[in-house]
Amino acid sequence: MQSILKIALPVLLAGTITTACQTVQTTHGGAVGVQRSQLMMVSAQEVEQASNQQYQQMLAEARRKNALDRDPATVQRVRRIVSRLTAQTGAFRPDAPSWAWEVHVFSSNELNAWCMAGGKMAIYTGLIQGLNLTDDEIAAVMGHEIAHALREHAREQVSKSMATGIGVSLAGALLGFGQAGQSLMSQVAKVTFELPNSREHETEADRMGVELAARAGYDPRAAVTLWNKMASQSAGAPPQWLSTHPSHATRQKDLAEYAARVMPLYQGARR
């Protein structure tokens, strides 16, 4: 939501930056037809390793604050839903069902959830309890977040920053030339912690998320009710052309269209 609102992702502190640009297809189109080539300038392994390191730090901090997985019933509920969703990820990429998926519940008033590169997830109690989410709505949330990871949006965002924000200094950074290397790390940090996902990324995650939910036996139309609840918490949001995210009205219309498209998958899963 950016993942729902903001993804927390790591700074790439170590490792060799991949020098060769790659145009890749991270996922199959699925029933929703998400088909777009992506330019990558950093390896999936580097992003995943850094994500895992950051995830472990966040878990440790939440544990220290007694804010990690405090309610066993809620944790069990979330993990049951996520397990059903991740079992369906092969519809988009064959390797994904075997990823080391992991989800925890953070005690926080934030309306937030995210999935890091490689499948490390969290959802906040403020979202579950504050919006009184149903199982179908939690599936909509987490399906969206899982889709970000499947599409490797974080890796793509870092790559785009490297391509557009650094320019000729990139060559020096790759060769380890002092100031240029620091500039590269600064750009990666900015992408990681400050910049939201693009409209394109959000739309892809919305569409793939409803398909994952439907395939897992959760009503894909819950994505619309979820965003109605989100809209009620976002009075005064800027017009669409002033935002990197689709407006609520645009998003709800698109979600309704794609939820209808995957209803046969939902009905089949329910049978």
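Presented here is a report on the structure given in the accompanying data block. What you see is a predicted model; the values in this text were computed from it and never measured. (Residues numbered from 1 in each chain as written. Predicted model: local features only at pLDDT ≥ 70, side-chain atom pairs only at ≥ 80, totals over all residues. Heavy atoms only, no water.)

### With respect to the side chain of arginine 93
Then comes step 1: With respect to the helices and strands, the residue arginine 93 is situated in the loop between α2 (72-86) and β3 (102-106).
Then comes step 2: Among the residues examined, arginine 93 registers a relative accessible area of 11% and is labelled buried.
Then comes step 3: Here the side chain of arginine 93 touches glutamate 152 through a polar contact of 3.0 Å, side chain to side chain. (Helix = DSSP H or I, 4+ residues; strand = E, 2+ residues; numbered from the N terminus. Buried < 20%, exposed > 50% of the residue type's maximum accessible area, 1.4 Å probe, protein only. Polar contact = N/O pair within 3.5 Å; in protein donor to acceptor, adjacent residues only side chain to side chain.)

### Concerning the packing of aromatic side chains
One pair of aromatic rings is described through two measures. These are the centre distance and the angle between the planes.
Then comes step 1: Applying the stated rule across the entire model yields four aromatic pairs.
Then comes step 2: Between tryptophan 99 and tryptophan 101 the ring centres are 5.0 Å apart and the planes differ by 25 degrees, which places this aromatic pair in the stacked class.
Then comes step 3: With a relative accessible area of 14%, tryptophan 99 lands in the buried category.
Then comes step 4: Within the aromatic cluster, the residues linked to one another by ring pairs are Tyr55, Phe106, Trp114 and Tyr124.
Then comes step 5: When the ring centre of tryptophan 227 is taken as reference, the NZ or CZ atom of arginine 251 above it lies at 3.9 Å. (Phe/Tyr/Trp six-rings, centres within 6.5 Å; stacked < 30°, edge-to-face > 60°. Lys NZ or Arg CZ within 6 Å of the ring centre and 35° of its normal.)

### Regarding the pattern of salt bridges
Side-chain pairs of opposite charge can arise where the charged atoms are in close proximity.
Then comes step 1: By the definition in use, this model includes 20 salt bridges.
Then comes step 2: Arginine 36 is paired through a salt bridge with glutamate 156; the nearest N and O atoms lie 2.6 Å apart. Here arginine 36, found in the loop between β1 (22-24) and β2 (38-40), pairs with glutamate 156, found in helix α5 (residues 153-165); they are 120 residues apart in sequence, far enough to count as distant. The two residues arginine 36 and glutamate 156 agree in class, both being buried.
Then comes step 3: Connected through shared salt-bridge partners, Arg36, Arg151, Glu156, Glu200 and Glu204 make up one network. (Salt bridge = Lys/Arg side-chain N within 4 Å of Asp/Glu carboxyl O.)

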